[in-house]
Structures are given as C-alpha cells and as structure tokens.
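Next come the chains, spelled out residue by residue.
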Amino acid sequence: MADESPMSILLAEDNLTNQKVARLMLGQLGYSVDLAVNGREAVDMVSRKGYDIVFMDIQMPVMDGLEAAAEIRRRIPDASSRPRLVAMTANAMAGDRDRCLNSGMDDYVPKPIRMEHLRGAIERALSGRSSGKVETPGSAVDPGVFESELISQMLPDDPSEASDLARQLGVSYFTEDAPARFERIVGAIRKGDTATAARESHSLKGASGTLGFQGVYQVCSTIEQAAKAGDIVAALRCAQRLAASIQAARFAFDEWLTTRFGVSRKPSRSGSSPAQR
C-alpha cells in the first residue's frame with residue numbers, strides 16, 4: 001500500500017502493547033512509523049515535521065489526545081498544511097465518534113486495533129473523506145479467555161517470523177505491560193484514586209482486547225466502570241479477579257503458542273503471577 005500511496009505517519013500512543021501492534025500492522029502495509037508517547041510529545045513532533053497522518057490515542061498522560069488535537073489545530077490553522085488527525089479509543093460507544101470529530105479530530109478508529117480500520121483510515125485520508133459508520137469491536141467482548149484469531153491476523157506469513165513475533169508480543173504483555181498495569185490499578189484503588197484506576201484499567205483493557213485476551217478485557221472494563229462511578233468496593237472486588245484472569249490468559253496463550261508453532265513463550269524468571277509480585 002505504501003508503494004502506491006506513500007505517507008508520513010505519527011503514532012501517539014502510551015500503551016506498549018498497542019504501540020507494537022499498531023506499528024506492526026502499519027509496517028505490514030509498508031509504512032514506517034514515528035512514535036510519540038503522550039499528547040505533548042505528539043504536538044512537538046508535528047510542529048517539527050510535516051506528517052501526513054497522526055493516529056492519536058485519546059487517553060494519554062501529560063496531554064490527552066483531544067487536547068493535543070486542539071493544540072495542533074491552533075498551531076497549524078491551515079488545513080492544507082496540517083496532518084490528518086485520527087482518534088483511536090477503546091470507548092467504542094455511540095456518540096464517541098461525534099465527540100472526537102467535534103473536538104477537532106478528522107477521523108476515528110475504534111480499539112482493539114484492527115488492520116482493516118487502519119487501512120480504511122489511510123484510504124479515507126488519501127481521498128479526504130471522514131469515517132462513516134464505525135465498526136465497534138463486538139468480538140472483543142465475547143466470553144472466553146483468549147481469542148487467538150485476533151493475534152493470528154497480525155502475524156506475517158513466514159512461520160519463523162510469525163513465531164518470533166508472537167513470542168515477542170507475549171513476553172511484552174505478560175512480563176511488562178500487564179504486571180505493571182495490574183500493580184498500578186490495585187495501588188490506585190487501595191488509595192481511593194479512582195481516576196488513576198479508571199485510566200490504567202482502560203489502558204490494560206485496550207491492550208488485552210488488541211491481543212484477544214477477552215477475560216482480561218472484560219474484568220478491566222468492569223473495573224473501569226466501577227472506578228468511574230466511584231465504587232471502590234466493587235472496583236477492588238473486580239481487581240482481585242484480575243490477577244487470575246491474567247494468569248488464565250497466560251496459560252491459554254502458551255498453549256496456543258505451543259500448538260501452533262511448537263514453542264512456548266519464555267516466562268519471566270520468577271514465573272509468578274501479577275498478584276504474587
């Protein structure tokens with residue numbers, strides 16, 4: 001796709017798993033991607049370099065995506081000189097698209113991140129159109145522990161490359177992203193910091209949905225809703241289920257990895273679950 005339609009792309013995303021998945025998918029379309037880890041960094045990078053399109057997460061530290069979009073529009077009022085701003089959010093609910101577009105975004109794609117959504121956003125950028133009806137990730141909230149089809153569609157055709165990439169995604173999620181988010185979620189709930197608990201559970205929900213870890217996705221969604229409602233008791237009760245959900249996802253992922261590729265994810269040295277750390 002990039003050979004026929006070259007574009008300079010910036011990804012603004014603070015979640016490690018979503019960074020890797022989005023860059024992988026855009027790479028499979030032939031695009032190299034620059035990365036900003038918060039809204040302020042995205043604004044600064046856009047000011048220094050003429051990007052064609054910016055995929056912008058909504059919930060980021062320092063400056064969120066909607067604030068960043070407004071600042072970019074303020075700094076570059078000429079639409080012909082400004083990159084196309086595409087919102088990315090796991091809050092794929094009715095009205096979210098309008099909220100994003102009314103806040104200065106040019107387009108909207110839902111999370112979990114899907115190849116067809118990124119491709120569609122690029123095609124609309126090339127034609128100058130806004131998004132029409134946006135598909136909500138209904139499959140990402142179906143019951144289950146691990147929907148392997150979601151991660152399978154990200155992998156290259158070469159078996160060796162696919163095996164290596166799958167293991168990398170698993171190691172990144174289970175040894176870096178999920179344990180760190182789990183600790184911050186539980187710590188925030190115990191301190192009564194519902195805003196942080198909601199933000200961290202939202203981020204882990206997005207990463208889990210992207211990789212197909214449906215059980216973790218559902219628990220994080222419940223924690224996020226409880227935290228936003230200020231229900232500390234319900235949030236803590238759900239958080240106590242989160243470690244088990246992550247552990248179940250890890251076992252299911254390892255079984256899939258062994259079955260498909262004849263290898264297993266290399267566990268962390270301690271081999272402990274998030275709750276044991």
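Residues numbered from 1 in each chain as written. Predicted model: local features only at pLDDT ≥ 70, side-chain atom pairs only at ≥ 80, totals over all residues. Heavy atoms only, no water.

(A) Local environment of the sheet that holds strand 5 (residues 107–110). Read from one edge to the other, the open sheet built from 5 strands follows the order 2-1-3-4-5, with strand pairing classed as parallel. Each end of this open sheet is capped by a strand with a single partner; those strands are strand 2 (33–36) and strand 5. Adjacent strand axes in the sheet meet at a mean angle of 20 degrees when their direction is disregarded. As paired elements, strand 1 (residues 9–12) and strand 2 share 4 bridges and run parallel to each other. In the strand pairing of strand 2, leucine 10 is matched with aspartate 34. Lying over the sheet, helix 2 (residues 39–48) contacts strand 1, strand 2 and strand 3 (53–57), oriented at roughly 135 degrees with respect to strand 2. In the packing of helix 3 (residues 65–75) onto the sheet, contacts are made with strand 3 and strand 4 (84–89), and the angle to strand 3 comes to roughly 150 degrees. (Pairing = 2+ DSSP bridges. Helix = DSSP H or I, 4+ residues; strand = E, 2+ residues; numbered from the N terminus. Axes fitted to C-alpha atoms, helices over the stretch in contact; angles between N-to-C directions. Contact = heavy atoms within 4.5 Å.)

(B) Looking closely at empty space enclosed by the protein. In this structure the tally under the stated criterion is 2 cavities of 30 Å³ or more. Considered as a void within the structure, the second largest cavity measures approximately 70 Å³ in volume. Among the secondary structure elements, those contributing two or more residues to the lining of the second largest cavity are strand 4 and helix 8 (194–211). Ranked by residue count, the leading element in the lining of the second largest cavity is helix 8, at 3 residues. In terms of residue class, the lining of the second largest cavity is built from 2 nonpolar, 7 polar and 4 charged. (1 Å grid on protein atoms, 1.4 Å probe; cavity = no way out; pocket = protein on both sides within 12 Å on 5 of 7 lines; lining within 4 Å. Points joined across faces, edges and corners; volume = space filled by probe spheres on them. Nonpolar A, V, L, I, M, F, W, Y, C, P; charged D, E, K, R; others polar.)

(C) Representation of the confidence of the model for the protein within the structure. Averaged over the protein, the pLDDT score is 84; the fraction of residues at 70 or greater is 86%. The model gives residues 132–143 a pLDDT under 50, and that stretch makes 22 contacts with residues more than four places away or in other chains. Segment residues 267–271: pLDDT under 50, and 4 contacts once partners within four positions in sequence are set aside and those in other chains are kept. (pLDDT = per-residue confidence, 0-100.)

(D) Broad picture of helix 10 (residues 232–261). For helix 10, spanning 30 residues, the distance from its first C-alpha to its last is 42 Å, which sits close to the expected 44 Å at 1.5 Å a residue. Of the residues trailing helix 10, glycine 262 is marked for its positive phi of about 75 degrees. (Expected span 1.5 Å × (residues − 1).)

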